[in-house]
Amino acid sequence: QNLKKYFPIKAGLLSRTVGQVKAVDDISITIQPGETFGLVGESGSGKSTVGRTAIRLTDKTAGEVRFKGTDIYSLPPEQLRQLRPKMQLIFQDPYSSLNPRVRIGEAIGEAVLDHGLAPASDIRDIVKEVLASCGLSSYHIDRFPHEFSGGQRQRIGIARALVLNPELIIADEPVSALDVSIQAQIINLFSHLQESKGLTYLFISHDLSVVEHLCSRIGVMYLGSMVETASRDELFRHPLHPYTKALLSAVPIPIPKLKRERIVLKGDIPSPANPPSGCKFHTRCPFAEQRCVEEVPVFRNMGGEHWVACHLV
Ligand code: SF4
Ligand code: MG
C-alpha cells in the first residue's frame with residue numbers, strides 16, 4: 001500500500017547525497033491467494049524493486065507491505081526469519097546465485113536445514129521429490145551447476161524456492177534469459193506447480209507475451225509508477241493507457257484480422273533520477289498535451305478491476 005523506494009544518489013569524495021532515484025513511487029497492489037499478478041514494464045521501471053521490497057529483501061522508504069495481514073516491516077528479526085520460507089524470490093539467472101563448487105542437491109537441501117524445516121536424515125528424499133516436481137531426475141542430485149543447461153538451471157532455481165514450501169513466489173524475469181522454446185516449458189512448469197501446490201505468484205517481466213498465459217491480472221509500470229492495472233483479458237482487449245497500447249502493439253497476435261497497428265515510442269525510458277514533470281510518460285506519449293506536462297494524472301478506477309492514470313482516458 002503506497003509503497004515507495006527511493007535510492008540516494010551519492011557524489012564526490014565524501015559521498016554527499018545529491019539527489020534520489022524514485023525507483024518505486026507510490027505503488028499499491030493487492031494479490032489474492034492462488035492468483036498470479038503480472039508486473040510489466042521496461043527495464044528501469046522499478047518492477048524488480050517492487051519485488052524485493054515486497055518481501056523485505058531491501059528496505060522500503062515509505063508505505064506498507066502486508067503478507068496475509070501481517071505488516072512484514074514491523075516484524076522483529078526472529079519472526080521475519082520464520083516467515084522467510086513462505087515468501088521466495090526466483091531470479092532471472094539462477095546460475096549467478098549457485099555456488100559452482102556445491103552440488104545442486106546440497107544447494108537445495110541447505111536452505112531446508114538452515115530453516116530447521118526437516119532433520120538432516122530426510123534431506124536427500126526431500127530434495128529428490130522437489131527435483132522430480134520440477135522435472136529433474138534424482139540422478140541430477142550430485143551434479144554441479146555447470147553441468148546443466150539454462151532451462152535446467154531455472155528448474156533448479158524453482159526447486160530451491162519450492163523446497164521451503166512457500167506460499168508466495170516472486171519470479172523476477174524468470175524466463176527472460178531462455179530460448180523461446182524453453183520459455184514455454186518453464187512457464188508451463190510455473191502454471192502446473194501453481195495448480196498442484198496452490199501457489200501465489202508475483203510474476204515480473206518486460207514482455208507482455210510472457211505474462212499473457214500465466215497471469216490473471218496485470219499491472220503496467222513506467223518510471224516507478226503504476227500506469228494501468230486490469231484483468232488479463234481486459235488489458236489485452238481494452239488497453240486504455242497509451243503506454244500499455246504501445247507495449248501491446250509489439251505483441252504478435254495469432255488472428256490476422258485483429259492486426260494491431262504498431263505504436264513505436266520515441267526515445268528511451270528517461271532516467272528515474274530525473275523523471276519528466278506531470279505525466280512521466282509525456283516525453284514519449286503520442287497523445288501528450290500541455291496538461292500532461294504540468295499535471296500528474298490520478299490513478300482512477302474505470303469500473304471493475306480496471307485502473308488507469310492518464311488525463312485523456
Ligand atoms: Fe499521454 Fe498525457 Fe495520458 Fe500521460 S496523461 S499517457 S502524456 S495522454
Ligand atoms: Mg529488473
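Here the structure is a predicted model, which is why all the values come from computation and not from measurement. (Residues numbered from 1 in each chain as written. Chains lettered and ligands numbered in written order. Predicted model: local features only at pLDDT ≥ 70, side-chain atom pairs only at ≥ 80, totals over all residues.)

Caption draft 1: Here's a closer look at the site of ligand 1. What surrounds ligand 1 is a group of 13 residues, the closest being Cys279, His282, Cys285, Cys292 and Cys310. Here the residues of the shell around ligand 1 are counted per class, giving 10 nonpolar, three polar and no charged. (Near = placed C-beta within 6 Å. Nonpolar A, V, L, I, M, F, W, Y, C, P; charged D, E, K, R; others polar.)

Caption draft 2: Here's a closer look at the domain arrangement of the chain. Here the chain is described as being made up of domain 1 (31–215) and domain 2 (227–313). Placing the centre of domain 1 and that of domain 2 at their C-alpha centroids yields a distance of 30 Å. (Domains from an automatic or database assignment.)

Caption draft 3: Expanded view of the confidence of the model for the chain. A residue-level look at the chain finds 97% of positions with pLDDT of 70 or above and a mean pLDDT of 92. Ranking the helices and strands of the chain by mean pLDDT puts strand E12 (residues 307–308) first, with 98, and helix H7 (residues 208–211) last, with 89. In the model output, the complex is listed with pTM 0.93 alongside ipTM 0.97. (pLDDT = per-residue confidence, 0-100. Helix = DSSP H or I, 4+ residues; strand = E, 2+ residues; numbered from the N terminus.)

Caption draft 4: Quick look at the sheet that holds strand E11 (residues 300–301). Reading across the sheet, the eight strands line up as E6-E7-E8-E3-E9-E10-E12-E11 and stay open at both edges, with mixed pairing between neighbours. Of all the strands in the sheet, just strand E6 (87–90) and E11 have a single pairing partner and so form its edges. In the sheet, strand E10 (residues 225–231) pairs with E12 via two bridges, with the strands oriented antiparallel. Its bridge partner being in E12, Glu228 is matched across the sheet by Val308. Seen against the sheet, helix H9 (residues 242–249) touches strand E3 (36–40), strand E9 (217–222) and E10 and runs at an angle of roughly 110 degrees to E9. (Pairing = 2+ DSSP bridges. Contact = placed C-beta atoms within 7 Å. Axes fitted to C-alpha atoms, helices over the stretch in contact; angles between N-to-C directions.)

Caption draft 5: Geometry of unusual backbone geometry. Residues other than glycine seldom take positive phi values, yet Asn2 does so here, at roughly 50 degrees. With respect to the secondary-structure elements, Asn2 resides in the segment before strand E1 (3–11). Overall, Asn2 belongs to the exposed group, with 11 C-beta atoms counted inside 10 Å. A positive phi angle, close to 45 degrees, is found at Leu223, a residue other than glycine. When you line up the elements, Leu223 lands in the loop between E9 and E10. (Buried ≥ 20, exposed ≤ 12 C-beta atoms within 10 Å, placed from the backbone.)

Caption draft 6: A look at the packing of helix H5 (residues 150–162) against helix H6 (residues 180–197). It is at 10 Å that the axes of H5 and H6 come closest, and there the two elements cross at 20 degrees. When the axes of H5 and H6 are compared, the pair comes out roughly parallel. Seen along the crossing, H5 lies across H6 with a hand that is right-handed. When H5 is examined against H6, the residues Gly150, Gly151, Gln154, Arg155, Ile158 and Leu162 are found in contact with a partner set consisting of Ile182, Gln185, Ile186, Leu189 and Leu193. (Parallel < 35°, antiparallel > 145°, perpendicular 65-115°, else oblique. Left-handed = near helix turned anticlockwise from the far one by under 90°.)

Caption draft 7: Layout of the pairing of E9. Here E9 lies mainly inside the structure; six of its six residues are buried. Note that E3 and E9 share four bridges and pair parallel. The residue of E9 that forms the bridge with Leu39 is Gly219. The sheet contact formed by E9 and E10 spans six bridges and is antiparallel. For Arg217, the partnering residue across the bridge sits in E10 and is Ser231. Linkage of E9 to E10, two consecutive antiparallel strands, is achieved through a turn of two residues, within which Leu223 is found at a positive phi near 45 degrees.

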